[in-house]
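# Results of the structural survey
The residues making up each chain are set out below.
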Amino acid sequence: QVQLVESGGGLVQPGGSLRLSCAASGIIFSIYDMSWYRQAPGKQRELVATITDTYNTNYADSVKGRFTISRDNTKNTVNLQMNSLKTKDTAVYSCNARWRTIIEYTYWGQGTQVTVSS
């Protein structure tokens, strides 16, 4: 059974930092591209950051220079370090694992709430 479990969300003031973690089980973690998505109320889900199986990274323009995605294949975890948080970063953040071969395998976590407010 595949599980992606996020942690680290919470309430933070503007300008503050949070570190999200996603622990994966039930998959060969090292072959999956791992991503963080977010969805704010009333808005579409947005891709925030991706780290591939070869450690290449990509970020949404809105978070470049503020967020850093990393992975630890020995612990089957992917992290998102979020600095200089803004109120517009408020959303539910979800972890995604994706492996594309002849078919695509994709899995989602349940999400963790991040609220940036003074």
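This write-up is about the structure you can find in this document. (Residues numbered from 1 in each chain as written. Predicted model: local features only at pLDDT ≥ 70, side-chain atom pairs only at ≥ 80, totals over all residues. Heavy atoms only, no water.)

Our focus in this paragraph is the nonpolar core. Soluble globular proteins: nonpolar side chains tend toward being buried together. Counting 29 residues, the largest nonpolar core has M34, W36, V78, L80, M82 and Y93 as its most contacted members. Counting residues per element, the ones that place at least two in this core are β3 (18-25), β4 (33-39), β5 (46-51), β7 (67-72), β8 (77-82), β9 (91-100) and β11 (112-116). (Core = buried A, V, L, I, M, F, W, Y, C linked by side-chain atoms within 4.5 Å. Buried < 20%, exposed > 50% of the residue type's maximum accessible area, 1.4 Å probe, protein only. Helix = DSSP H or I, 4+ residues; strand = E, 2+ residues; numbered from the N terminus.)

Attention shifts here to the packing of aromatic side chains. This structure, assessed with the given rule, holds four aromatic pairs. A centroid spacing of 6.2 Å and a plane angle of 50° characterise the contact between Y32 and W99, whose relative ring orientation is tilted. With Y32 in the loop between β3 and β4 and W99 in strand β9, this residue pair connects regions lying 67 residues apart in the sequence. Among the aromatic residues, those joined into a ring-pair cluster are Y32, W99, Y105 and Y107. The ring of F29 has R71 lying over it, and the distance from NZ or CZ to the ring centre is 4.7 Å. (Phe/Tyr/Trp six-rings, centres within 6.5 Å; stacked < 30°, edge-to-face > 60°. Lys NZ or Arg CZ within 6 Å of the ring centre and 35° of its normal.)

Here we come to the pairing of β5. Pairing of β4 with β5, which is carried by five bridges, proceeds in the antiparallel orientation. Bridging from a neighbouring strand, S35 pairs with T50 of β5. Bridge count between β5 and strand β6 (residues 57-59): three bridges; the pairing is antiparallel. Counted as the bridge partner of T50 is N58 from β6. Between the antiparallel neighbours β5 and β6 lie five residues, among them Y55 with a positive phi of about 75°. (Pairing = 2+ DSSP bridges.)

Right, let's get into the sheet that holds β8. Here four strands make up an open sheet; going across it, the order is β1-β3-β8-β7 and the pairing antiparallel. Among the strands making up the open sheet, the edge pair consists of β1 (3-7) and β7. Adjacent strand axes in the sheet meet at a mean angle of 15° when their direction is disregarded. With six bridges connecting them, β7 and β8 associate as antiparallel partners. (Axes fitted to C-alpha atoms, helices over the stretch in contact; angles between N-to-C directions.)

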